[in-house]
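The residues making up each chain are set out below.
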Amino acid sequence: MSKGWFLIPLLLLNLNAQAEDWPGEQWSSSPPPTGPAIEALEQYAFVPRDDATRQGIRTDALLVIQDGRLVYERYAGPTTAQTPHLTWSISKSLLATVFGVAYGEKRFALDDPAARYYPPLKRHPGMTLADLFHWASGLDWQEDYEYAPLNSSVVAMLYTRGRHDMAAFTAGHDSFSPPGQVFRYSSGDSNLLAAALKYIVGPASYADYPWTALFDPLGIRHATWETDASGTFVGSSYAYLTARDLARVGLLMQRDGRWGDRQLIPKDWIAFSREPFTRFQAGQDEAVPGGHWWLNRAADRTIRPWPDAPPDTFAALGHWGQALYIIPSARLVIVRYGDDRDGSYRHNELLKRAMAAFAGTVQP
């Protein structure tokens, strides 16, 4: 009798696992909700599009996954469900997710010196991989785009003197602080990681590794990731995915690195991704850095970037309004692609309206 009682929790666990929705070649879908909350969400995200001046909020795609099912999807402008959209700096979080697979394969440790995997960093011997994931390399980097292009390290890296070998260009920068001490957002840090990955997995495997490690297991069939002339992925900026495919990465992260019955990414890597960098200070960026993801909580509990979203919300964010939001407590994954040029889009506003529409409440 006691043996039978012991088996009941295992049977319930198996039934729960089988009841989960996971996408096959296509997402399972549910009828989209209707009502004032959805209307309010659309009124914010899909205002009349100004293609002449490119002013205002210009949403290209908005897609919502709840409990593993597609519950909302809308596109605008030239974007469709089949369009691999430029993700800009969402690429950074994709890179971190690829690294998570390599971490599970025990190919590196976070406290390893970065120079072990990218020798041009030997002039910065104290820098670790964890420092790069926190955007805390200590390199004197200027992440300015249209606002100060002549002083911009990132513009020079992507478009002018650094474009042929972006990691080497970044490694040539001087230091402004010891590694690991100060947060300074840097696309260069991300491309140093992309170069380090080549050493970590080996040159023969590198060109296919994002696909064999991550995209193929998730059923992502049409991803594109550009490289520079040296053959290094532009981990900072140049991955392209459809909204539906990016949502697969979001579901993987929402479910703590598990895809079906496979733990694709170790839970301790997910925990690292979602742990706030302790040296972040209020006002340094629009959200709190984790391990190459953005968080709605900080070590300082008074810092809450998106007050109308739950504290466990985390995101991958990109230039011109790209966003992958993950809200584990609401079992939500939200993909938002955009073409915003004037900075009027607000993450908190969309999250507030999405919570009202799909979770039935706005979390305190």
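Residues numbered from 1 in each chain as written. Predicted model: local features only at pLDDT ≥ 70, side-chain atom pairs only at ≥ 80, totals over all residues. Heavy atoms only, no water.

Under an unreviewed UniProt entry, the name given to the chain is Beta-lactamase family protein, and the organism recorded is Pseudomonas canavaninivorans.

So, on to the pairing of strand β11 (residues 322-327). Two faces belong to every sheet, and in a regular strand the side chains alternate between them. Where burial is concerned, most of β11 is hidden: six out of the six residues are buried. By the alternation rule, side chains of β11 split into Gln322, Leu324 and Ile326 and Ala323, Tyr325 and Ile327, which are all buried. Across five bridges, strand β10 (residues 314-318) lies against β11 in antiparallel orientation. Bridging across to β11, Phe314 finds its partner in Ile326. Two strands pair when backbone bridges link them, and β11 and strand β12 (residues 332-338) are joined in this way by five bridges, in the antiparallel orientation. Residue Tyr325 lies in a different strand from β12, and its bridge partner there is Ile334. Turn length for the β11-β12 hairpin, with the two strands adjacent in sequence and antiparallel, is four residues, and the turn residue Arg331 shows positive phi of about 55 degrees. (Buried < 20%, exposed > 50% of the residue type's maximum accessible area, 1.4 Å probe, protein only. Helix = DSSP H or I, 4+ residues; strand = E, 2+ residues; numbered from the N terminus. Pairing = 2+ DSSP bridges.)

Quick look at the pairing of strand β1 (residues 59-66) now. Where burial is concerned, most of β1 is hidden: eight out of the eight residues are buried. Bridge count for β1 against β12 is seven bridges, and the pairing is antiparallel. Residue pairing for β12: Ile65 is matched across the bridge by Val333. As judged from the six bridges shared by β1 and strand β2 (residues 69-75), these two strands associate in the antiparallel manner. By the bridge assignment for β2, Gln66 is matched with Arg69. Hairpin connection from β1 to β2: two residues lie between these consecutive antiparallel strands, with Asp67 at a positive phi of about 55 degrees.

Before going further, it helps to examine the environment of Pro203. By secondary structure assignment, the location of Pro203 is in helix α8 (residues 203-206). The spacing of Pro203 and Gly231 is 28 residues in sequence and 9.7 Å in space, taken between C-alpha atoms.

Attention now moves to the environment of Arg341. As for its position among the elements, Arg341 is in the loop between β12 and α12 (347-358). Taking the C-alpha atoms as reference points, Arg341 and His319, separated by 22 residues in sequence, lie 9.0 Å from one another. Of note is the side chain of Arg341, whose polar atom sits 2.8 Å from the side chain of Asp339. (Polar contact = N/O pair within 3.5 Å; in protein donor to acceptor, adjacent residues only side chain to side chain.)

With that settled, consider the sheet that holds strand β3 (residues 85-86). The sheet built from three strands is open, its strands ordered β3-β5-β4 with antiparallel pairing. Two strands close off the open sheet at either side, each with one partner strand: β3 and β4 (224-225). For β3 and strand β5 (residues 239-241), the ladder comprises two bridges, and the chain directions are antiparallel. From the neighbouring strand, Leu86 faces β5, where its bridge partner is Tyr240.

Below, the discussion takes up helix α9 (residues 209-218). What α9 keeps buried is the set Tyr209, Pro210, Ala213, Leu214, Phe215 and Leu218. Seen from one end, α9 has its buried residues packed into an arc of 135 degrees, which puts them on one side. After α9 finishes, the residue Gly219 shows a positive phi value of roughly 80 degrees. (Arc of directions from axis to C-beta.)

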